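# Report on the structure
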Amino acid sequence: MRRSKNGGFSLIELMVVVAIVAILAAIAYPSYTRYVQRGNLSAVHQAMLNIANLEDQYILQQHQYTDTVGAGGLNYTLPADVSKNYTIAITGSTTFLITAAPQGGMTGTSTQTLDSQGNKVPQSDWEQ
């Protein structure tokens, strides 16, 4: 009896392809994760700079800084991608300090701060 060749893949060929895909995924995933973290960090920095600009406007009108981001203060709504990944807090009166603390899924990032004199901590994160 004669067997006809189906033209499919053998188990060895399929295993080689799966191994190659796994290697490519292992290389690509960390790069993707860093890319997402840099994007989130950039978004929180932009939100902090917006808050600082609003604080500068607020002091001209009220003669002091506020520690309220939303209604009754700066009337600023944080973008969804920022509020999902960071907790923003402001302390203010004669000066202000904006602090953005990363939430659960933001491993690998640290707390970001921006003060009324424009000092940004950690400086290395702000230079990216």
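The rules behind the values
Numbers given for residues are sequential positions, taken from 1 along each chain in its written order. Owing to the predicted nature of the model, reporting of local features is limited to residues with pLDDT of at least 70; listing and counting of side-chain atom pairs is limited to 80 or more, with chain, interface and lining totals taken over all residues. Calculated side-chain values reflect all of the structure's heavy atoms, with hydrogen atoms and water omitted. For helices the rule is a DSSP run of H or I covering at least 4 residues; for strands it is a run of E covering at least 2, with both sets numbered from the N terminus onward. Atoms counted for the radius of gyration: C-alpha only. Globule rule: 2.2 Å times the number of residues to the power 0.38. Categorising residues by exposure relies on relative accessible area from a 1.4 Å probe, with only protein chains included: less than 20% of the type maximum marks a residue as buried, more than 50% marks it as exposed, and the intermediate range marks it as partly exposed. Here, two residues are considered to be in contact whenever any of their heavy atoms come within 4.5 Å of each other. Accessibility throughout is a Shrake-Rupley quantity obtained with a 1.4 Å probe, and a residue counts as covered only by protein chains that appear here. Here the positive residues are Lys and Arg and the negative ones are Asp and Glu; neither His nor the chain ends is included. For the purpose of locating charges, the reference atoms are NZ of Lys, CZ of Arg, CG of Asp and CD of Glu. Strand pairing requires that DSSP identify at least two bridges connecting the strands. For our purposes a nonpolar core is just a set of buried Ala, Val, Leu, Ile, Met, Phe, Trp, Tyr and Cys residues, chained together by side-chain atoms within 4.5 Å.

Helices and strands together make up the secondary structure of the protein, namely three helices and four strands. Secondary structure elements of the protein occur, N-terminal to C-terminal, as α-α-β-β-β-β-α. For a compact globule of 128 residues, the expected C-alpha radius of gyration is about 14 Å, and the protein comes in at 25 Å, more than 25% above that figure. Looking at the 128 residues of the protein, the share that counts as buried comes to 27%. When contacts within the protein are restricted to residue pairs at least 6 apart in sequence, long-range pairs at least 24 apart make up 39% of them. A total accessible area of about 8900 Å² is found for the protein, and carbon and sulfur atoms account for 57% of it. Distance between charge centres in the protein, computed from 7 positive and 8 negative side chains, equals 32 Å.

Time to look at the pairing of strand β2 (residues 96-102). With seven bridges joining them, strand β1 (residues 86-92) and β2 adopt antiparallel strand pairing. Opposite G92, over in β2, you have F96 as the bridge partner. The sheet contact formed by β2 and strand β3 (residues 112-115) spans four bridges and is antiparallel. Paired with L97 across the bridge in β3 is D115.

Positionally, S31 belongs in helix α1 (residues 11-62). A relative accessible area of 37% means that S31 is categorised as partly exposed. In this structure, the C-alpha to C-alpha distance between S31 and A19, residues twelve residues apart in sequence, is 19 Å.

The next subject is the nonpolar core. With 21 residues, the main nonpolar core has V44, M48, I51, I88, I90 and I98 as its most contacted residues. The set of elements that each furnish at least two residues to this core consists of α1, β1 and β2. No other element matches the eight residues that α1 contributes to this core. I98 has contacts with M48, I51, A52, I88, A89, I90, Q112, T113 and L114, leaving out every residue within four places of it along the chain.

A separate point is the side chain of N40. Relative to the helices and strands, N40 resides in helix α1. Looking at N40, the relative accessible area reads 15%, which means it is buried.

So yeah, pure geometry; function would need other evidence.
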